[in-house]
Amino acid sequence: MQSAEFDFRPAGHTAGVDEVGRGPLIGDVVAAAVILDPDNPIEGLADSKALTEKKRERLYGEIKEKALAWCVAAATPAEIDELNILHASMLAMRRAVEGLSIAPDYALVDGNRCPALACPSEPVVKGDAKVAEISAASILAKVDRDRQMLALHQQYPDYGFDRHKGYPTPQHLEALERLGALPEHRRSFRPVRLRLEQSSDV
């Protein structure tokens, strides 16, 4: 993975930061921060969306084993409803960085804006495909959120969370219409809000 364009980063520990789960109608928005060990490289890091589930799972364990520090954090559906999804995503990313066992000297954050952090930071558009640290963070966040959806599927198998992972697919929208909203649904998201309004009118 090429990260030469970020060679100006200061000396010290650089954390990669990413989040997963802005678009779904249910569950947490999950963020991760990772400081890689330059002496213990990890082969195959890439944008988590470009990897197979099997490869993500393998890398998930390897990142946790080899990284100098890592942390996965989240913002809940209630926090998403209170703050809005953008600010909740920033909160989750800040929590992930603050939870690192090593305080980073610099942070590279996927996207076009950064949360308020104690260290200098820079946004990197499509950073999960450009910067190894961000790729590692995207993998941890993606696997953790997918596991949350699989746990929800065990509780509520009729909603199909194992397949659509909470995104507003036709299957999810049909289940929402037929079965109603769950406590874990994001009430501020339009399809959920409309379904709740509909049920309150009955």
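This text follows the structure it describes.
Quick notes on the rules
- Residues numbered from 1 in each chain as written.
- Predicted model: local features only at pLDDT ≥ 70, side-chain atom pairs only at ≥ 80, totals over all residues.
- Heavy atoms only, no water.
- Helix = DSSP H or I, 4+ residues; strand = E, 2+ residues; numbered from the N terminus.
- Rg over C-alpha atoms; globule rule 2.2 N^0.38 Å.
- Buried < 20%, exposed > 50% of the residue type's maximum accessible area, 1.4 Å probe, protein only.
- Contact = heavy atoms within 4.5 Å.
- Areas by Shrake-Rupley, 256 points an atom, 1.4 Å probe, with all protein chains shown as cover.
- Lys, Arg positive; Asp, Glu negative; His and termini not counted.
- Charge placed at Lys NZ, Arg CZ, Asp CG, Glu CD.
- 1 Å grid on protein atoms, 1.4 Å probe; cavity = no way out; pocket = protein on both sides within 12 Å on 5 of 7 lines; lining within 4 Å.
- Points joined across faces, edges and corners; volume = space filled by probe spheres on them.
- Nonpolar A, V, L, I, M, F, W, Y, C, P; charged D, E, K, R; others polar.
- Pairing = 2+ DSSP bridges.
- Axes fitted to C-alpha atoms, helices over the stretch in contact; angles between N-to-C directions.
- Salt bridge = Lys/Arg side-chain N within 4 Å of Asp/Glu carboxyl O.
- Core = buried A, V, L, I, M, F, W, Y, C linked by side-chain atoms within 4.5 Å.
- Arc of directions from axis to C-beta.

All right, on to the overall build of the protein chain then. The helix and strand tally for the protein chain stands at seven helices and five strands. Helices and strands appear in the protein chain in the N-to-C order β-β-α-β-α-α-β-β-α-α-α-α. The C-alpha radius of gyration computed for the protein chain amounts to 18 Å, which stays within 12% of the reference 17 Å derived for 202 residues, consistent with globular compactness. Reported as C-alpha extents along the three principal axes, the dimensions of the protein chain are approximately 60 × 35 × 25 Å. By the burial criterion, 48% of the 202 residues in the protein chain qualify as buried. Long-range pairs, those at least 24 residues apart, make up 63% of the contacts in the protein chain with a sequence separation of at least 6. When the accessible surface of the protein chain is split by element, carbon and sulfur atoms take 52% of a total near 9800 Å². Taken as two groups, the 25 positive and 31 negative side-chain charges of the protein chain have centres that lie 4 Å from each other.

Moving on: the layout of surface pockets. One number sums up the size of the second largest pocket: a volume of about 270 Å³. Contributing to the lining of the second largest pocket are 15 residues, with Asp 18, Glu 19, Val 20, Lys 49 and Asp 128 lying nearest its centre. Of all elements in the fold, only strand E1 (14–20) and helix H4 (132–155) reach the threshold of two or more residues within the lining of the second largest pocket. Sort the elements by how many residues they give to the lining of the second largest pocket and E1 lands first, with three residues. Of the residues that constitute the lining of the second largest pocket, the class distribution is two nonpolar, four polar and nine charged.

What follows deals with the sheet that holds strand E3 (residues 69–75). The strand order across the open sheet formed by five strands is E3-E2-E1-E4-E5, and the pairing between neighbours is mixed. Strands at the two margins of the open sheet, each flanked by one partner only, are E3 and strand E5 (121–124). Between one strand axis and the next, the sheet turns through 20° on average, direction left out of account. With respect to the sheet, H4 is in contact with E1, strand E2 (29–35), E3, strand E4 (106–110) and E5, its orientation differing from that of E1 by roughly 35°.

This paragraph deals with the pattern of salt bridges. This model, assessed by the stated rule, comprises 13 salt bridges. The residue Arg 22 makes a salt bridge to Glu 19 at a minimum N-O spacing of 3.0 Å. Among the salt bridges present, the one from Lys 49 reaches Asp 47, with a minimum N-O distance of 3.2 Å. In the salt-bridge network here, residues are joined through shared partners; they are Asp 47, Lys 49 and Asp 128.

To continue, consider the pairing of E3. Of the two faces of E3, the one holding Ala 69, Cys 71, Ala 73 and Ala 75 is buried and the one holding Trp 70, Val 72 and Ala 74 is not buried anywhere. Sheet topology places E2 next to E3; seven bridges connect them, and they run antiparallel. Paired with Val 30 across the two strands is Ala 74, which belongs to E3.

Next up on the list: the nonpolar core. Val 17, Val 29, Ala 33, Ala 75, Met 93 and Leu 100 are the most contacted members of the largest nonpolar core, which has 27 residues in total. The set of elements that each furnish at least two residues to this core consists of E1, E2, E3, helix H3 (85–98) and E4. Not counting the four nearest positions on each side in its chain, Ala 75 is found in contact with Asp 28, Val 29, Ile 80, Ala 88, Leu 91, Ala 92 and Arg 95. In terms of nonpolar packing, the next biggest core, distinct from the first, is built from 19 residues, Leu 51, Ala 67, Ala 132 and Val 143 among them.

Where helix H6 (residues 170–179) is concerned, the buried positions are His 172, Ala 175 and Leu 176. End-on view of H6: buried residues confined to an arc of 100°, all on one side of the axis. One or two steps after H6, the chain reaches Gly 180, where phi turns positive at roughly 95°.

This part takes up the pairing of E4. In terms of burial, E4 is largely enclosed, as five of its five residues are buried. Going residue by residue along E4, you find Tyr 106, Leu 108 and Asp 110 tucked away on one face and Ala 107 and Val 109 tucked away on the opposite face as well. In the sheet, E4 pairs with E5 via four bridges, with the strands oriented parallel. Bridging across to E5, Leu 108 finds its partner in Glu 122.

These figures capture arrangement, not role.
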